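A closer look at the structure
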Amino acid sequence: MEYEEPQFFHVMGYVGDADHDVIDMVSGNPDWEPPQALRDGLKEYAEFEPDRFQYPPSDGTAELKAEIAERRGVDPAQVVITNGTGEANYLGMAAALERDIGDEVLLTDPVYPYYPGKTKMLGGDATFVPANRDGSIDVDAYREAISDETGLVVLNTPNNPTGAVYDHEKVEAIVRLCEEHNALAVVDEVYDHFDLSGEFESALTIDSEHRIVTSGFSKSLAITGFRVGYAIFPDWLTENAKARHMLVNVATTRPGQHAVLRGLEGADAAYYEASRELIRERVDTFTDALDAAGAEYTRPDGAFYVMARFDGYPGTMANVERLIDEAGVAGMPGEGFGDAYDDWLRFALVTPRVEEAAERLTDFFA
Ligand SMILES: Cc1ncc(COP(=O)(O)O)c(C=O)c1O
């Protein structure tokens, strides 16, 4: 089986090869500070006894599991600490498909591209359910698409790339559809701290044996390089998921788990609010410029991406490369997220140079 190189890596490579200044709006790497307590936790770790440099419990340190369980209102036994939300999604998706009940996987269009990649890797067949124009989900479309062949539905809210924050009732309706068809719902909430609308409610409040919630600290604590995330499983799926996690990874970074624990303890509400405020300001700056450039765009209710459509300039890889070459701004091609937004480009607002990027785009498209 062949795996396609994610378009993300291609664009990053193209930016790396450029011999002129390019503003990187490709990646989802926060450019702001993690909590000071997280830095302190990391320093403190360097002085621990060698026994703390050895394998931690496979499913995560007891301290971090307890902290997450308390914050999320679940039993620590349901928590698996993973190598980021990426692994948490993999475990959730694998748990659904290894039951051999149905290979069909319902994904949204547009989609975070790693979901179709994982679906293929796990032997599933992806069916795409179009999101509404504003990024919201259409429960009737899921009702029509779901069948007893469906093993899994993957949702992501707040959403990458649309910025939509799904109505809680709709997420619940989809979990209930999964129950009726013996499918599982994996709800990826990695942007849970980037709810700009105040409307986000975690799927954990939905009481169901068919719902798995994934999240992590890459975005909320600004540490995509640490690789610490988690999945919360219903009891009946927990043991298999832990076994898979152990066989694939042995365990997850122990210093990283310690630093995250300290970071969680140290980060107050003001830390998270400051990150959101930064994104709100950048959304305003960027979308003002998009108005000036005559572009159509999405204004995110959550996460930190803006999709933009420039007349006569569809979101192909060739056009992304041209924008890098001629405007010095790098985004992601919309076609990388499915068919719905293939005319669009996605820009990640994780650079202090948002204003400059906006000016470059205005000049280029004017
Ligand atoms: C929707 C979504 N899920 C998961 C991830 C990966 O998160 P992590 O770094 O926690 O593995 C990303 C990263 O951009 C994402 O956008």
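Below, the discussion takes up the overall build of the protein. Assigned secondary structure in the protein consists of twelve helices and 13 strands. Taking 2.2 N^0.38 as the reference for a compact globule, 366 residues should give roughly 21 Å; the C-alpha atoms of the protein span a radius of gyration of 20 Å, in line with that estimate. The principal-axis extent of the C-alpha atoms belonging to the protein is close to 55 × 55 × 40 Å. Buried residues in the protein amount to 49% of all 366 residues.

Next up on the list: helix α12 (residues 354–365). Residues lying three or four places apart along an α-helix face the same way, a consequence of the helix completing one turn every 3.6 residues. In this model α12 runs 16 Å from its N-terminal to its C-terminal C-alpha over twelve residues, within 8% of the 16 Å that 1.5 Å per residue would give. Three or more residues of α12 are buried, namely Val354, Ala357, Ala358, Arg360 and Leu361. For α12, the buried positions fall inside an angular range of 160 degrees around the axis, keeping them on one side.

Let us now look at unusual backbone geometry. Following threonine 157, the chain continues into proline 158 via a peptide bond in cis, with omega recorded as -10 degrees. Here proline 158 shows up in the loop between β5 (150–156) and α7 (168–180). With an omega of 15 degrees, the peptide bond running from asparagine 160 to proline 161 counts as cis. In this model, asparagine 182 sits at a positive phi of 55 degrees, which is unusual for a non-glycine residue. By the element assignment, asparagine 182 lies in the loop between α7 and β6 (184–188).

Quick look at the environment of proline 30 now. With respect to the helices and strands, the residue proline 30 is situated in the loop between β1 (23–24) and α2 (36–46). Considering only alpha carbons, one finds proline 30 and alanine 222, 192 residues apart in sequence, at a separation of 5.3 Å. Apart from the residues lying within four places of it in its own chain, the contact partners of proline 30 are Lys219, Ala222 and Val350.

With that settled, the discussion passes to the domain arrangement of the protein. Here the protein is described as being made up of domain 1 (7–34 + 269–365) and domain 2 (37–266). Look at where the C-alpha atoms of domain 1 and domain 2 centre, and you get two points 25 Å apart. Between domain 1 and domain 2, the contact holds 27 residues from the first and 33 residues from the second. Going through the elements one at a time, α10 (269–292) and β10 (305–309) are the ones with two or more residues in the side of domain 1 that touches domain 2. With five residues, α10 is the largest single contributor of residues to the side of domain 1 that touches domain 2. Residue composition of the side of domain 1 that touches domain 2, grouped by class: 13 nonpolar, eight polar and six charged.

Conventions we followed
- Residues numbered from 1 in each chain as written.
- Predicted model: local features only at pLDDT ≥ 70, side-chain atom pairs only at ≥ 80, totals over all residues.
- Helix = DSSP H or I, 4+ residues; strand = E, 2+ residues; numbered from the N terminus.
- Rg over C-alpha atoms; globule rule 2.2 N^0.38 Å.
- Buried ≥ 20, exposed ≤ 12 C-beta atoms within 10 Å, placed from the backbone.
- Expected span 1.5 Å × (residues − 1).
- Arc of directions from axis to C-beta.
- Contact = placed C-beta atoms within 7 Å.
- Domains from an automatic or database assignment.
- Nonpolar A, V, L, I, M, F, W, Y, C, P; charged D, E, K, R; others polar.

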